[in-house]
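This is what each chain is made of:
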Amino acid sequence: MTEAAREAAEARNPFERSLGESNLFPLMSESISVFQMNLGRVCNLSCRHCHVGAGPGRTEAMDASIVDECLRVIKRQRYPTLDITGGAPEMNANYRRLVETASSFGINIKTRTNLTILTKDGYTDLPEFFARNRVEVVASLPYFSSETTDRQRGGGVFASSIEALRALNSVGYGVEGSGLKLFLVYNPCGAFLPPPEKSIEADFRRELKKRHGVSFTGLFTITNMPVGRFLEFLNVSGNFIGYMERLKSSYNPEAAVNVMCRNTISVAWDGSLYDCDFNQMLGLKCGGPPDHIRDFDHERLSVRRIVTGAHCYGCTAGAGSSCAGAVAR
Amino acid sequence: METYYNPEDLKKFSTISEGAPHLWKKFSEWYGAVFAEGALTEREKALIALAVAHAVQCPYCIDAYTQACLEKGSNKDQMTEAVHVAAAIKGGAALVHGVQMKNAADKVGM
């Protein structure tokens, strides 16, 4: 290594040094197979770990013109997967039109839900709406007990989530043979890494069936990212240094190869483009290519350099983490 | 305030290799093998370790295996029951030695 190269390496952030040691620096995108839209920060819940900082008091919401721009891009590029998130995306005024239009393109649509919104007035017909449009449902449920779930997401959330899961099961979601997929998302209730995905999935399957008669297709584990409210929790509770050391010491090169940002583009409520939802919350826009949906350039975005920081250790720790769960063994 | 136990010292565990690196190497390899998935799962082994940590009252081990149990998928109810198992054995061990007390008392008594 030349002196100049050594100096450049030392100037990198620690995550970039880890990437360099795995021959992955600079981290580049490989393609775009997931088009993720964050419809905004409005939500009926204010979860303690939320990296978005979403809640009922937020007003940021994707408007019709940005939704139209996104639909134009999706229609033109025919990306295999549209991943819709928030906040509670269902609360966006353009949500149903987005789903119905994208559904007509014949692509796979994933909608992320906090479940509880499906029990509120004006939203209880959504399970049928999802089924009609063959939408894949990805539902947050941090644990199979009310104590842990409510501690993270608020009082009464677990009971409401079970009510929503039953409604989804009743239209066929998570029921074998229906073709309607219902995935649950586990995240740790605190400053520790998630357990092995298959192991905790077996616990959820057994306990939710036994205690509540609920079934589901599969479960994803997601690592809490040191961003947003979870970062506030880490700082206030004195866990920040220990958690970051845990993430860093658990760096897994196999997970780094498979990080989701390498095949995802993330669109914010205002149309700005990011490598992932976490960079979105940190205000780290795509570097290099045009960074707004109005100027979307598939060719350049497909081979862009990913913007990274210390928070990226959250996606490469242990079995790794992505919006679709673990990415390595 | 200075104390005999400092959480930062846990990170220095491997410095005990200084002076006898060959023994540390053997210990590390054996330790890793012990906690790997086998006839027992990694989750079960972490729960056993947590219970033993309480029995031997090692604050480093309690810290490390609380984290390990959570990361292997155990919850606080299960971990609390594991600690009760350790406590029951410790308590039972003390109590069962009462038989020796009785034997000794009977021997010297009239």
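This is a predicted model, so every value here is computed, not measured.

*Asks:* Go over the pairing of strand 3 (residues 108-113) of chain A, please, and point to the residues and values.
*Replies:* Residues and elements named next belong to chain A. In terms of burial, strand 3 is largely enclosed, as five of its six residues are buried. Strand direction decides the pairing type here: strand 2 (residues 81-85) and strand 3, joined by four bridges, are parallel. Bridge assignment links Asp83 to a residue of strand 3, and that residue is Lys110. Regarding topology, helix 4 (residues 95-103) serves as the crossover connection from strand 2 to the parallel strand 3, and that connection is right-handed. Sheet topology places strand 3 next to strand 4 (residues 136-140); four bridges connect them, and they run parallel.

*Asks:* Just give me the short version of the interface of chain A and chain B, but keep the residues and values in it.
*Replies:* A common way to state how big an interface is: give the accessible area lost once the parts meet. Each partner contributes to the interface: chain A provides 13 residues, whereas chain B provides eight residues. A combined buried area of about 890 Å² lies between chain A and chain B, and 39% of that area is made up of carbon and sulfur atoms. Considering only the side of chain A, the residues that lose the most area to chain B are Tyr143, Phe192 and Arg246 of chain A, jointly responsible for 40% of the buried surface there. At the surface where chain A touches chain B, the tally comes to three salt bridges. For Glu245 of chain A, the salt bridge identified is with Lys11 of chain B, shortest N-O distance 3.4 Å. Counting only elements with at least two residues in the side of chain A that touches chain B, the list comes to helix 8 (197-212) and helix 10 (240-249) of chain A. Broken down by element, the side of chain A that touches chain B gets its largest block of residues, three residues, from helix 8 of chain A. Across the side of chain A that touches chain B, the residue classes tally to nine nonpolar, one polar and three charged.

*Asks:* So what's going on with the pattern of salt bridges? Residues and values would help.
*Replies:* Under the counting rule described, the total for this entry stands at 22 salt bridges over all chains. Among the salt bridges present, the one from Asp83 of chain A reaches Arg112 of chain A, with a minimum N-O distance of 2.8 Å. Of the two residues, Asp83 of chain A sits in strand 2 while Arg112 of chain A sits in strand 3, which places them 29 residues apart along the sequence. Note that Glu147 of chain A is salt-bridged to Arg151 of chain A, the shortest N-O span being 3.6 Å. Pair noted here: Glu147 of chain A and Arg151 of chain A are both in helix 6 (residues 146-153), with a separation of four residues, about one helical turn. A relative accessible area of 34% places Arg151 of chain A in the partly exposed class. Here the salt bridges do not stand alone but share partners, grouping Asp203, Arg206, Glu207, Lys210 and Arg211 of chain A together with Arg43 of chain B into one network.

Analysis parameters
- Residues numbered from 1 in each chain as written.
- Chains lettered and ligands numbered in written order.
- Predicted model: local features only at pLDDT ≥ 70, side-chain atom pairs only at ≥ 80, totals over all residues.
- Heavy atoms only, no water.
- Buried < 20%, exposed > 50% of the residue type's maximum accessible area, 1.4 Å probe, protein only.
- Helix = DSSP H or I, 4+ residues; strand = E, 2+ residues; numbered from the N terminus.
- Pairing = 2+ DSSP bridges.
- Right-handed = clockwise from strand over helix to strand, strands pointing away.
- Contact = heavy atoms within 4.5 Å.
- Buried area = accessible area lost by both parts, 1.4 Å probe.
- Salt bridge = Lys/Arg side-chain N within 4 Å of Asp/Glu carboxyl O.
- Nonpolar A, V, L, I, M, F, W, Y, C, P; charged D, E, K, R; others polar.

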